[in-house]
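Spelled out from the first residue to the last, the chains are:
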Amino acid sequence: MQCRNQKEEEIIKEYIFKVTNQEAIDDFEVIPLDKVEKIEIIASNKFEVKPEVIASLVEMTLPKKDVSKEEKSSKQKKRKSKKGLVFLLLAVILIGIGGYYYFSTLPSKNMVAKQIICEKEYSHNDLKATVFETNTYNFNNQDILEKVDTTMIYQFEESDYQEFIMKGTYYKYMPDSNTEGGWDKDDTSYTFKVMIKEEIDASYNKPTAYEEVLSYYKKEGYTCKEDIK
């Protein structure tokens, strides 16, 4: 550190001594750094200041961060973040449980609560064949018919079967393109099978309530059994 003369050096030493020893400095004017307009450094006499004295001045004069406050604030933020996450998880769980309960109580097209399986064997009016018909009526949990699965097996004698196939008569009994289902034939057992799946809509003109369906097909000569899930 350099001073212009011995007197200035003594003044600086005195200030440093009083500051480092925490003595009164009323006889010195301390100007805040934000009000200093100009600093002029003029080289002159040189005197040494011990590093520990400089360190002491820095420690006493420079502002320090309040580490404890920052740590406390950080911990509070972390606690708030954890609480927020817990509340969010609880909200998601409650919404999930409520949604499951709500949708599980609604009627569903895909939910089969009950079935009625009705079977009937009879001779076909136009074909020389015996028909084994099986209808499975699927109801929702409101006892309303949702869909019907039908299987019809036509049993022929060998000659009648060959005529049925060779003449292409079986095309008349295949499900049309607008109907979900399929067909199959067995040249060994001389049978022709048709499968039809029918979804119930406004055009369906037969009973749809559970008890009415059961009663109706029993009267039509079907043997019916109930299959409650």
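Residues numbered from 1 in each chain as written. Predicted model: local features only at pLDDT ≥ 70, side-chain atom pairs only at ≥ 80, totals over all residues. Heavy atoms only, no water.

**Q** Please clarify how the overall build of the protein should be interpreted in this entry.
**A** Each helix and strand counted, the protein has five helices and eight strands in total. Burial statistics for the protein: of 229 residues in total, 22% are counted as buried. Element-wise, carbon and sulfur atoms account for 53% of the exposed surface of the protein, whose accessible area totals about 17700 Å². (Helix = DSSP H or I, 4+ residues; strand = E, 2+ residues; numbered from the N terminus. Buried < 20%, exposed > 50% of the residue type's maximum accessible area, 1.4 Å probe, protein only. Areas by Shrake-Rupley, 256 points an atom, 1.4 Å probe, with all protein chains shown as cover.)

**Q** Can you walk me through the state of the cysteines in this structure?
**A** Two cysteines whose sulfur atoms are joined by a covalent bond form what is called a disulfide. Counted by the stated rule, this structure contains one disulfide. Put simply, C118 and C224 are joined by a disulfide, and their sulfur atoms are 2.1 Å apart. When the S-S torsion is 110°, as for the bridge of C118 with C224, the disulfide is right-handed. With C118 in strand β3 (residues 114-123) and C224 in strand β8 (residues 223-228), this pair connects stretches of sequence that are 106 residues apart. As far as the burial class goes, C118 and C224 line up, both buried. (Disulfide = S-S within 2.5 Å.)

**Q** Where do I start with the nonpolar core in this structure?
**A** Where a protein is soluble and globular, its nonpolar side chains tend to be buried together. With 14 residues, the main nonpolar core has I116, Y137, L145 and Y217 as its most contacted residues. Among the elements of the structure, β3, β4 (129-139), β5 (145-156) and α5 (210-219) are those that each provide at least two residues to this core. In terms of residues, this core owes the most to one element, α5, which gives four residues. When sequence neighbours within four positions are dropped, the list of residues in contact with Y217 reads C118, Y137, Y204, K206, Y222 and C224. One finds L127, A129, Y154 and F192 within the second-largest nonpolar core, a separate group that totals twelve residues. (Core = buried A, V, L, I, M, F, W, Y, C linked by side-chain atoms within 4.5 Å. Contact = heavy atoms within 4.5 Å.)

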